[in-house]
Number of protein chains: 2
Amino acid sequence: MIEQIRGGVTAAAGFLCGSTSAGIKNPQAPREDLALVYSELPAVAAGTFTTNLVKAAPVRVSMEHIASGEARAVVLNSGNANACTGPDGLKDARRMAVSAGLVLGVAGEEVLVCSTGRIGVRMPIARIEESIPRIKLSNTASLKCAKAIMTSDTFPKEIAVRVETPKGVFHVGGIAKGAGMIDPNMATMLCVITTDAKVSQADLKKVLGGAVEDSFNRITIDGDMSTNDTVIALANGASKVRPPLALLREAFDAVAQTLARMIVKDGEGVTKFVEIALTGAASKEDARKAAEAIANSTLVKCAWAGGDPNWGRIMDAMGYSGAKLVEEKVSIDYEDLPLVRGGLVTDTPWKKVQAVAARKEFRIGVDLGLGRFSHTVWTTDLTEEYVRLNLGE
Amino acid sequence: MIEQIRGGVTAAAGFLCGSTSAGIKNPQAPREDLALVYSELPAVAAGTFTTNLVKAAPVRVSMEHIASGEARAVVLNSGNANACTGPDGLKDARRMAVSAGLVLGVAGEEVLVCSTGRIGVRMPIARIEESIPRIKLSNTASLKCAKAIMTSDTFPKEIAVRVETPKGVFHVGGIAKGAGMIDPNMATMLCVITTDAKVSQADLKKVLGGAVEDSFNRITIDGDMSTNDTVIALANGASKVRPPLALLREAFDAVAQTLARMIVKDGEGVTKFVEIALTGAASKEDARKAAEAIANSTLVKCAWAGGDPNWGRIMDAMGYSGAKLVEEKVSIDYEDLPLVRGGLVTDTPWKKVQAVAARKEFRIGVDLGLGRFSHTVWTTDLTEEYVRLNLGE
């Protein structure tokens, strides 16, 4: 049985966390901007990272450190992405890991690094080094850490679940910060998931990869892929329960999907949460292409902002998506209302469909009528407020 | 010598055109919405059409009719795209061609059809059939025709050139309507180019293909590709001049590039015209991918709207473009100001770069430092006004 509980990243036994203010973006306007998540026991580690060729220094350093398959801690900051900062940026990311390691009594290589905020600006590494020792670790500070990694997020994102098994109880929890390149000068999505389940590194990798694929890889706000995206999982085995992989995956899915939905709902200037359930594609890749083309079409998103169920723009976006498509076989539903059948508009009263598109949250079902493959994407509308928030610094 | 002259689509000898009001979108609020371009002599014809898999009926019919390599006329309308209209839409498009043919005394198969406007709505074909005979053809009506095909364009788009050769004078002229899916319910770009040069169909195809590749295929406003995009060229040989292909191409380039720039400048809610000159790519395809990723990034475009020369967003967009990229080799210039060298920001005063990004028109040079391939794109910013205009009907 999977049950939602409080505690976020410290819900699992043997995990502590804490945060402090390091004045990273602006020492004159300090806020909590530095967080540390720590496993008291050695933990196996797995991570997924941005596939952008322009990778921020913390991403490069975390990829190096996680190669061992083990880690004891993650140090995270907001206010500076440490991206496009060259060799100096790499040194700074390593120094963050080493500083955290010194305080925790572990090697720098056992610490992973996540950064979010401005790009192209050197990290104030001295302030970070001074601040890390001030962080007080506890098993009640998860929400504080979730807040410390926020940039223009409007609410902190954390979740945890408790899972009962015949062999005992284990926990999975996580914190995340928002996507949508939220910070004016570039942002990112970051996520740390912890569990006290016993699991091999290979299995953790498998479970995390699958959970990310079905959550964070299905959300899109503006189609811009960050230089810093990182999802890290640490499993310390403190519960002594080795759950069946399917159950662990289910718990990871619950945590990752909840955090992913929170990220979409907190997209900049967003007023709608839209699920696009694409079915009937000739291949898995086609299903993804068609669903993402709809989700990323500027015009489709503008129409949703206006409460307009513009099926023509949806047809158009799929037509240039690269997916195999036969116009005459396409069906489109807004919730349970059939809007398009055989590529042609139905006689469903327009006002009824408009009423669905006026909701804050709705589901669009699109069937290509060509095969058995499907893909679901969670996305948002595109608003004037989004443009306003992203005009610059 | 290539010299700009008046006359648009009738600047070339032997071409007539005319327009009328057919009340296509709304018979209660009539405006000129139907245009006819006619060659008095048999003309060779070439066309390029949207690659969207969802093709409007007029596109399908024009593709069929142009297969012969010859055409005598083009009938164009605004107010209805005749897209996603199924077998009825196809019948309507054929009826438009036949009606125009009857009036002109040519076969329906010799007439090409272009439509722009709302998608998914049946064409008021009876009103069109009644209206075509009312069109008065003349060699002074080009601007009137350019106006009749406007949707939310704010100005008509026409251009013509006169070319002197040792063997005599020939002309190339054209009209176009705007891109950016301008109409709330979907729009398109349409263009008709006429010339009195003598040229074989194969050569016309080559010349038009090249000119489109270097003009209309280099512009992007929102990355959404229409169901109706059409560029048609008719060459009737009335000048009796068979120019060297390079010269004909130069004249076509002048016409197509002028019209393409007009289209970008008239994008919905647009405040900036931005040229992205991408060089140093490892392949032609990479150059295109990187340039288009910059041009279509929602965040890059929002930054321009705010006058922010946000190089981080440019690096980021190239990083996920699919083009080969080595961060440490990238250079970015705003006009002649070096902003990024070796992937790192230079010490060019930020205020100077901001002053460039504040202009209504500027050029960004990006060099990947990996090879000899280049690609140039013309694009715009993304504004609150764009979102407002596209919220719905």
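Everything discussed here concerns the structure shown above.
Residues numbered from 1 in each chain as written. Chains lettered and ligands numbered in written order. Predicted model: local features only at pLDDT ≥ 70, side-chain atom pairs only at ≥ 80, totals over all residues. Heavy atoms only, no water.

Helix and strand counts for chain A stand at 11 helices and 16 strands. Computed over C-alpha atoms, the radius of gyration of chain A comes to 22 Å, within 12% of the 21 Å expected from 2.2 N^0.38 for 393 residues, which places it in the range of a compact globule. With the C-alpha coordinates aligned to their principal axes, the bounding extent of chain A is approximately 70 × 55 × 30 Å. Looking at chain A as a whole, 61% of its 393 residues qualify as buried. For chain A, the distance from the average position of its 45 positive side-chain charges to the average position of its 45 negative side-chain charges is 3 Å. (Helix = DSSP H or I, 4+ residues; strand = E, 2+ residues; numbered from the N terminus. Rg over C-alpha atoms; globule rule 2.2 N^0.38 Å. Buried < 20%, exposed > 50% of the residue type's maximum accessible area, 1.4 Å probe, protein only. Lys, Arg positive; Asp, Glu negative; His and termini not counted. Charge placed at Lys NZ, Arg CZ, Asp CG, Glu CD.)

All names here are of chain B. One open sheet accounts for seven strands, arranged β9-β16-β11-β15-β12-β13-β14; its pairing is mixed. Looking along the sheet, the strands with just one partner apiece sit at the ends: β9 (219-220) and β14 (344-345). Where strand β11 (residues 273-281) lies against strand β15 (residues 361-367), seven bridges are found, and the strand directions are parallel. Paired with Ile 276 across the two strands is Ile 364, which belongs to β15. Packed onto the sheet, helix α6 (residues 245-265) meets β9, β11, β15 and β16 (373-380) and runs at close to 45 degrees relative to β16. (Pairing = 2+ DSSP bridges. Contact = heavy atoms within 4.5 Å. Axes fitted to C-alpha atoms, helices over the stretch in contact; angles between N-to-C directions.)

Let us look at the packing of aromatic side chains. Residue and element names in this part refer to chain B. Under the defined criterion, the tally for this structure stands at six aromatic pairs over all chains. Aromatic pair Phe 273 and Trp 378: ring centres 6.2 Å apart, planes at 40 degrees, arrangement tilted. In this pair, Phe 273 sits in strand β11 while Trp 378 sits in strand β16, placing the two residues 105 residues apart along the sequence. Each member of the pair Phe 273 and Trp 378 is classed as buried. Considering the side-chain rings of Tyr 334 and Phe 362, the 5.6 Å spacing of their centres and the 35 degrees angle between planes classify their relative orientation as tilted. (Phe/Tyr/Trp six-rings, centres within 6.5 Å; stacked < 30°, edge-to-face > 60°.)

A word on helix α6 (residues 245-265) of chain A. With 21 residues, α6(A) should cover 30 Å at 1.5 Å per step; its first-to-last C-alpha distance of 30 Å lies within 8% of that length. All of the buried residues in α6(A) are A:Leu247, A:Leu248, A:Ala251, A:Phe252, A:Asp253, A:Val255, A:Ala256, A:Leu259, A:Ala260, A:Ile263 and A:Val264. (Expected span 1.5 Å × (residues − 1).)

Quick look at unusual backbone geometry now. In most cases, non-glycine residues show a negative phi, while peptide bonds are predominantly trans. Non-glycine residue B:Cys84 carries a positive phi angle of around 55 degrees. Tracing the backbone through its elements, the reader meets B:Cys84 in the loop between β4 (70-80) and α2 (86-104).

Turning next to the interface of chain A and chain B. On the side of chain B, 57 residues touch chain A, which itself brings 56 residues to the contact. For the pair chain A and chain B, the summed buried area comes to about 4,300 Å², and 55% of that belongs to carbon and sulfur atoms. Connecting chain A to chain B are six salt bridges. Here B:Glu327 makes a salt bridge to A:Arg60, at a shortest N to O gap of 2.7 Å. Looking at the side of chain A that touches chain B, the element that brings in the most residues is helix α9 (residues 311-319) of chain A, giving six residues. (Buried area = accessible area lost by both parts, 1.4 Å probe. Salt bridge = Lys/Arg side-chain N within 4 Å of Asp/Glu carboxyl O.)

Residues and elements named next belong to chain A. Spatial ordering of the open sheet is given by β9-β16-β11-β15-β12-β13-β14, a layout of seven strands whose pairing is mixed. Edge positions in the sheet fall to β9 (219-220) and β14 (344-345), since each of these pairs with one other strand and no more. Two strands pair when backbone bridges link them, and β9 and strand β16 (residues 373-380) are joined in this way by two bridges, in the parallel orientation. Considered in β16, the bridge of Thr 220 is made with Thr 379. Contacting β9, β11 (273-281), β15 (361-367) and β16, helix α7 (residues 284-296) runs over the sheet at an angle of about 20 degrees to β16.

Next up on the list: the side chain of A:Ser115. Residue placement: A:Ser115 occurs in strand β5 (residues 111-118). In terms of polar contacts, A:Ser115 uses its side chain to reach the side chain of A:Asn77, at 2.6 Å. (Polar contact = N/O pair within 3.5 Å; in protein donor to acceptor, adjacent residues only side chain to side chain.)

Once turned by 180 degrees and shifted 0.0 Å along the axis, chain A lies on chain B with an RMSD of 0.1 Å. As the rotation angle and translation indicate, the two copies are arranged about a two-fold axis. Taking C-alpha positions as reference, the residue of chain A nearest the rotation axis is A:Glu384, located at 2.3 Å. Both copies present the same face, since 100% of the interface residues in chain A are matched by interface residues at the equivalent positions in chain B. (Least-squares fit on C-alpha atoms with pLDDT ≥ 70 in both.)

The next thing to look at is the pairing of β11(B). All names here are of chain B. Counting buried positions along β11 gives eight out of nine residues, so the element sits mostly inside the fold. When β11 meets β16, the two strands line up antiparallel, connected through seven bridges. When the sheet's bridge partners are listed, Val 274 is paired in β16 with Thr 379.

Okay, empty space enclosed by the protein next. Overall, the coordinates contain two cavities of 30 Å³ or more when judged by the stated rule. Lining of the largest cavity is provided by A:Thr298, B:Ile221, B:Asp222, B:Asn296, B:Thr298, B:Lys301, B:Thr380, B:Asp381, B:Leu382 and B:Tyr386. Of the residues belonging to the lining of the largest cavity, the class tally is three nonpolar, four polar and three charged. Of the pockets and cavities examined, the second largest cavity occupies roughly 50 Å³. For the lining of the second largest cavity, the per-class residue count stands at three nonpolar, three polar and two charged. (1 Å grid on protein atoms, 1.4 Å probe; cavity = no way out; pocket = protein on both sides within 12 Å on 5 of 7 lines; lining within 4 Å. Points joined across faces, edges and corners; volume = space filled by probe spheres on them. Nonpolar A, V, L, I, M, F, W, Y, C, P; charged D, E, K, R; others polar.)

A few words on the packing of helix α1 (residues 57-66) of chain A against helix α2 (residues 86-104) of chain A. Residue and element names in this part refer to chain A. For the pair α1 and α2, the least separation of the axes is 8 Å and the interaxial angle reads 55 degrees. The angle between the axes of α1 and α2 places the two elements in the oblique class. Taken as a pair, α1 and α2 cross one another with a handedness that is right-handed. Along the contact surface, α1 presents Ala 57, Pro 58, Arg 60, Val 61, Glu 64 and His 65, while α2 presents Gly 89, Leu 90, Ala 93, Arg 94 and Ala 97. Considering only residue class, the contact of α1 with α2 consists of six nonpolar, two polar and three charged. (Parallel < 35°, antiparallel > 145°, perpendicular 65-115°, else oblique. Left-handed = near helix turned anticlockwise from the far one by under 90°.)

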